[in-house]
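One letter stands for each residue in the lines below.
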Amino acid sequence: IYYSGKFPIESSEISERSKSNRFQGVTAYNPVNEILLYSTYSFKYMALYKREGVRWNLIKETKVPDYTIKNGNIKFEKKGIGVSAVTMTKNYIVTAEYEDKNVTEKDLRQNNYILPKILCFYDYDLTIRKVLEIGKPIMRIGGNTDSDTIFAIIENPDFEIVSISY
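Remember, predicted model here, so these are calculated numbers, not experimental data. (Residues numbered from 1 in each chain as written. Predicted model: local features only at pLDDT ≥ 70, side-chain atom pairs only at ≥ 80, totals over all residues. Heavy atoms only, no water.)

### A few points about the overall build of the protein chain
At step 1: Across its full length, the protein chain holds two helices and 13 strands.
At step 2: For a compact globule of 166 residues, the expected C-alpha radius of gyration is about 15 Å, and the protein chain comes in at 16 Å, within 12% of that figure.
At step 3: Along the longest, intermediate and shortest principal axes, the C-alpha atoms of the protein chain span 45 × 45 × 25 Å.
At step 4: Buried positions account for 39% of the 166 residues belonging to the protein chain.
At step 5: A separation of at least 24 residues holds for 43% of the contacts in the protein chain among residues at least 6 apart in sequence.
At step 6: Of the roughly 9,900 Å² of accessible surface on the protein chain, a fraction of 48% belongs to carbon and sulfur atoms.
At step 7: Computing the positive centroid from 23 side-chain charges and the negative centroid from 21, the protein chain places the two 4 Å apart. (Helix = DSSP H or I, 4+ residues; strand = E, 2+ residues; numbered from the N terminus. Rg over C-alpha atoms; globule rule 2.2 N^0.38 Å. Buried < 20%, exposed > 50% of the residue type's maximum accessible area, 1.4 Å probe, protein only. Contact = heavy atoms within 4.5 Å. Areas by Shrake-Rupley, 256 points an atom, 1.4 Å probe, with all protein chains shown as cover. Lys, Arg positive; Asp, Glu negative; His and termini not counted. Charge placed at Lys NZ, Arg CZ, Asp CG, Glu CD.)

### Brief notes about the pattern of salt bridges
At step 1: Across all of its chains, the model carries five salt bridges by this definition.
At step 2: Residue D66 pairs with K63 through a salt bridge whose shortest N-O separation is 3.4 Å.
At step 3: D66 gets classed as partly exposed once you look at its relative accessible area, which sits at 45%.
At step 4: Taking relative accessible area as the criterion, K63 reaches 65% and is therefore assigned exposed.
At step 5: Between R129 and D123 there is a salt bridge, with the nearest N and O atoms lying 2.9 Å from each other. (Salt bridge = Lys/Arg side-chain N within 4 Å of Asp/Glu carboxyl O.)

### Describing the packing of aromatic side chains
At step 1: Per the counting criterion, the structure on display carries ten aromatic pairs.
At step 2: With 4.8 Å between their ring centres and 55° between their planes, Y92 and Y166 make a pair best called tilted. With Y92 in the loop between β7 (85-88) and β8 (93-97) and Y166 in the segment after β13 (159-165), this residue pair connects regions lying 74 residues apart in the sequence.
At step 3: By relative accessible area, Y92 is classed as buried at 17%.
At step 4: For the ring pair F121 and Y166, a centre distance of 4.8 Å and an interplane angle of 45° mean the geometry is tilted. Taken together, the positions of F121 in strand β9 (residues 118-122) and Y166 in the segment after β13 put the pair 45 residues apart, joining distant regions of the chain.
At step 5: A relative accessible area of 37% means that Y166 is categorised as partly exposed.
At step 6: An aromatic cluster is present here, built from F7, F23, Y38, F43, Y45, Y67 and F76 joined pairwise through their rings. (Phe/Tyr/Trp six-rings, centres within 6.5 Å; stacked < 30°, edge-to-face > 60°.)

### Notes on the sheet that holds strand β2 (residues 35-40)
At step 1: On the basis of which strands lie adjacent, the open sheet formed by four strands has the order β1-β2-β3-β4 and antiparallel pairing. Each edge of the open sheet is held by one strand with a lone partner, namely β1 (25-30) and β4 (55-61). Along the sheet, successive strands turn relative to each other by an average axial angle of 25°, direction set aside.
At step 2: Examined bridge by bridge, β1 and β2 share six bridges and lie antiparallel to one another. By the bridge assignment for β2, G25 is matched with T40. (Pairing = 2+ DSSP bridges. Axes fitted to C-alpha atoms, helices over the stretch in contact; angles between N-to-C directions.)

What follows is the structure in structure tokens.
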């Protein structure tokens, strides 16, 4: 087993429990260019890793939002959370994001029905290229690395599968 990667925030002051809660996230893999994406749920952060042999090397990451550490816990200065789902296409990283930037982890714990309604398209340098407001709750997304087509399961009011090409 080979271990690669790093925590988004490196500090011995952060408790193991806080690390476990704050650094959970979602991953996506593009097998064509051997790039792995990691994105956190609880705050806006993405990191790209490139496969080189049996190791994964960090090639790009976004800036972590401003925070403080108190009693082992990470507290972010601004409200908001990370992404709920990610996928990769030939030229884009696509994320499902919440339209209300004030949605917090507590809101999600208290109401499982809060779902993202926005798709964000990033290039492989993690620069946002397009924001697409779906207007309907997005349950899941999937992509195709041979094209720039993504598929989403939305509520409208029943579940529907939609195809989006960018």
